[in-house]
Structure formats: structure tokens, C-alpha cells
Amino acid sequence: MTVIAEATLSTFTPAKDRQYHDVDGAAYYLPADKEEADRLNAQYLLLKDIFGGNAIYAPVALSGDEWVLDNGTGTGAWIMDVRSAIPPSISMYGVDLQTRLVPLNPPSNTHFLQGSLLDLPRDWTDRFSLVNQRLLVAALSQDDWKKAVSEIYRVLKPGGWVQILEVSGRLFTPEGRTDGHADMFNNIAGKIRAGRGIVGDCFEDIPDLLRGQGFRNVAVVEERRVPMGNKHGQVGERMLRNIVSLYQGMKSPALDCGTVSSERDFDKVVDAFEARCNESGGIETRWYAFCAQKP
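Residues numbered from 1 in each chain as written. Predicted model: local features only at pLDDT ≥ 70, side-chain atom pairs only at ≥ 80, totals over all residues. Heavy atoms only, no water.

Our focus in this paragraph is the overall build of the protein. Scanning the protein from N- to C-terminus turns up 8 helices and 7 strands. Taken against the 2.2 N^0.38 rule, which gives 19 Å for 295 residues, the C-alpha radius of gyration of the protein at 19 Å falls within 12% of a compact globule. Along the first, second and third principal axes, the C-alpha set of the protein runs to 55 × 40 × 40 Å. The long-range share in the protein, meaning contacts at least 24 apart out of those at least 6 apart in sequence, stands at 76%. Roughly 12,800 Å² of accessible area belongs to the protein as shown, and the carbon and sulfur atoms make up 47% of that amount. Charged side chains of the protein number 32 positive and 39 negative; the gap between the two group centres comes to 2 Å. (Helix = DSSP H or I, 4+ residues; strand = E, 2+ residues; numbered from the N terminus. Rg over C-alpha atoms; globule rule 2.2 N^0.38 Å. Contact = heavy atoms within 4.5 Å. Areas by Shrake-Rupley, 256 points an atom, 1.4 Å probe, with all protein chains shown as cover. Lys, Arg positive; Asp, Glu negative; His and termini not counted. Charge placed at Lys NZ, Arg CZ, Asp CG, Glu CD.)

Another point: helix H5 (residues 206-213). When H5 is considered as a whole, its buried residues turn out to be Ile 206, Pro 207, Leu 209 and Leu 210. Seen from one end, H5 has its buried residues packed into an arc of 165°, which puts them on one side. Facing away from the buried side of H5, by more than 90 degrees, are the exposed residues Asp 208 and Gly 212. Buried residues along H5 sit against helix H3 (142-155), strand E5 (156-167), strand E6 (216-227) and strand E7 (284-293). Within two residues after H5, Gly 214 carries a phi angle of roughly 115°, on the positive side. (Buried < 20%, exposed > 50% of the residue type's maximum accessible area, 1.4 Å probe, protein only. Arc of directions from axis to C-beta.)

In an α-helix, one turn spans 3.6 residues, which is why side chains three or four residues apart end up on the same side. Helix length check: helix H1 (residues 34-50), at 17 residues, gives a terminal C-alpha distance of 24 Å against a target of 24 Å (1.5 Å per residue), a fit within 8%. Looking one or two residues past H1, Gly 52 carries a phi angle of roughly 75°, positive in sign. (Expected span 1.5 Å × (residues − 1).)

This part takes up the pairing of E5. Buried residues dominate E5, accounting for 9 of its 12 residues. Relative to E5, strand E4 (residues 128-134) runs parallel, the two sharing 6 bridges. Bridging across to E5, Gln 133 finds its partner in Ile 164. Handedness of the E4-H3-E5 crossover: right-handed. As judged from the 7 bridges shared by E5 and E7, these two strands associate in the antiparallel manner. (Pairing = 2+ DSSP bridges. Right-handed = clockwise from strand over helix to strand, strands pointing away.)

As a further point, take the pairing of E4. Counting buried positions over the 7 residues of E4 gives 7, a clear majority of the element. In the sheet, strand E1 (residues 67-71) pairs with E4 via 5 bridges, with the strands oriented parallel. Residue pairing across strands places Val 68 opposite Leu 130, the latter belonging to E4.

With that out of the way, let us pick up the packing of H3 against H5. Relative orientation of the contacting elements H3 and H5 amounts to 50°, with a least axis distance of 10 Å. The angle between the axes of H3 and H5 places the two elements in the oblique class. Crossing of H3 over H5 shows right-handed handedness. Along its contact with H3, which presents Gln 142, Trp 145, Lys 146, Val 149, Ser 150 and Tyr 153, the element H5 presents Ile 206, Leu 209, Leu 210 and Gln 213. Partitioned by chemical class, the residues of the contact of H3 with H5 number 6 nonpolar, 3 polar and 1 charged. (Axes fitted to C-alpha atoms, helices over the stretch in contact; angles between N-to-C directions. Parallel < 35°, antiparallel > 145°, perpendicular 65-115°, else oblique. Left-handed = near helix turned anticlockwise from the far one by under 90°. Nonpolar A, V, L, I, M, F, W, Y, C, P; charged D, E, K, R; others polar.)

What follows concerns the sheet that holds E7. Pairing is mixed in the open sheet, where 7 strands are placed in the order E3-E2-E1-E4-E5-E7-E6. Each edge of the open sheet is held by one strand with a lone partner, namely strand E3 (110-114) and E6. Across the sheet, the axes of successive neighbouring strands diverge by a mean angle of 15°, strand direction being ignored. Contacts from helix H6 (residues 233-249) reach E6 and E7, with the element oriented near 90° to E7.

This part is about the pattern of salt bridges. On inspection of all chains with the given rule, the structure shows 16 salt bridges. One salt bridge in this structure joins Arg 224 and Glu 222, with 2.7 Å as the shortest N-O distance. Its relative accessible area of 25% is what places Arg 224 among the partly exposed residues. The partly exposed category is assigned to Glu 222, whose relative accessible area is 29%. Between Lys 251 and Glu 263 there is a salt bridge, and its shortest N-O distance comes to 3.6 Å. A residue pair is termed long-range when its members are at least 10 positions apart, and Lys 251 in helix H7 (residues 251-256) and Glu 263 in helix H8 (residues 263-280) qualify at 12 residues. Taking relative accessible area as the criterion, Glu 263 reaches 29% and is therefore assigned partly exposed. Within this structure, Arg 122, Glu 151 and Arg 154 form a network of salt bridges that share partners. (Salt bridge = Lys/Arg side-chain N within 4 Å of Asp/Glu carboxyl O.)

And the structure:
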């Protein structure tokens, strides 16, 4: 398999104590270390709760010797959760640019492969009953999204389903009111993505991309708006911890593209954002789940 190499990227110096992936040319800008693994695992459980406790929301019944694929598997959290609820005869595959975060000794029916979801193995054509893909908002350009959807369509068997969970690349405030803290991080993330050719609000394009590829029964399964901070209960607190940790992982690319002048200044911005969410509330994230079927 090949790796993503769509953009010519500048090299950035990792912030202290953080490890990033080492795939040349990859646009993905978040870390690949234990701290990020902890964030991803906590995020998985949080989003599962937000979406009603469901890990599989496409209307698919898995049985026999079917295959399931997790695109951009990260820590493998989705696979390890789902495999406990499906027959052991089903083969589970996870693909990611790096596999340093996945379980070291997965069960015999579970396989983690390093590679690109833009170039899946040729012998996987018409093979999978379900493809799961989550949160590539920090990874793909517009052309990459088209390739990713095309590859999903190819590897799904006729009648198979894809489910995609995404988040807006922006923070929102009630009634569109201006908020300096939200605007700051919208600008930081926007500049990072622009420098790497990444689509920030990819969720807006997903239904048309699926239909254009030939998928049927395209549906927005759910939209969830989640405010952050301790004024919004346990979910609000958990979401704020997730987003703060996410921003901490963006420190190196933020410094690289000149949005802040030093690590200390970036830390101050993150601390002020966290305090703002806890003191006043009102800043929210928006999450979207889609599914579609190959004819």
C-alpha cells in the first residue's frame, strides 16, 4: 500500500515531549504518541455516549465469515469495542498511516495494517460488509476525500454499508455571536489546514460525495451539538478535556505556521480558552454521522 503524499509540507519541530507520525508528505498534523492515544480512547467513549451508545449505526446485520474494515483506525478502539458484540467468525481489519497506537497482541480475527486508506489492497475489492471511518477532518484534502470514498466503494461488497462520523473543523457560539476564544482557535486550525490543503468542514460534502460515487440510501443518521465546560454536566466537561487535549496536540503545527510566537504563548491561549468555557459556557462542537449502501 502507498501512503498519503498529496501535499508538499514544511517540516516542523515537535513541541516538547510530543511524538508525531513519520510518514513523509502526510498532511495529518496531530500527534501519534501515548498522550494522543489516551485522548483518542477517551474521545471514542465520549462520542459513543453522545450518539446513544451505538458503535454500529448503519443498518447492517453481521454474521458468518464477513469482513469489517476500520479506516483510519487510530488506537483500534472502535474495532476492539465492536468485536465484543459480533460473532468471532467475522474478520476485522484496521488501516492507518501508523500502527504504533493499536493493541500489540490483537485477537486472531483482528488485523491492523499500516498503509493509506487512499490505496487499499487490490485484493480487497468487493470484500467488506461494513466500512467504518471516523474523524479525518485533520487529514484529507478535497481530492483525498474523493479517493477515500472511491476506495470505500470499491472494497465494499454489493449491499455493503459505510458509516462515517465527522466533526466540524470550527467551534460555534449560540446564534453566531462573536467570541474571541473560539475565533482564535478557528483561525489557528484554519491556517494549519489551509497550509496543508485539508478540508475543514468536510462533513458538508460527504452526502454529495457518497451519492456521486454511486452509493444509495445515503442518510445523515445524527447531528449532535455539544457545548463545552463544567456548566454543561459531565458530557460538557469530558468534551472540553478532549478539545483542550486536541489543541495541545496542535502546538507544533501552530508554531510552524506562525499563528503564535512561542510554546508559552500557545499554552496561555489554551488555558484562557479552557477558563472561558468553564466560566461562561456557550462554545460548542458539532458532530455528524452518515451511512450509505453500495448497490
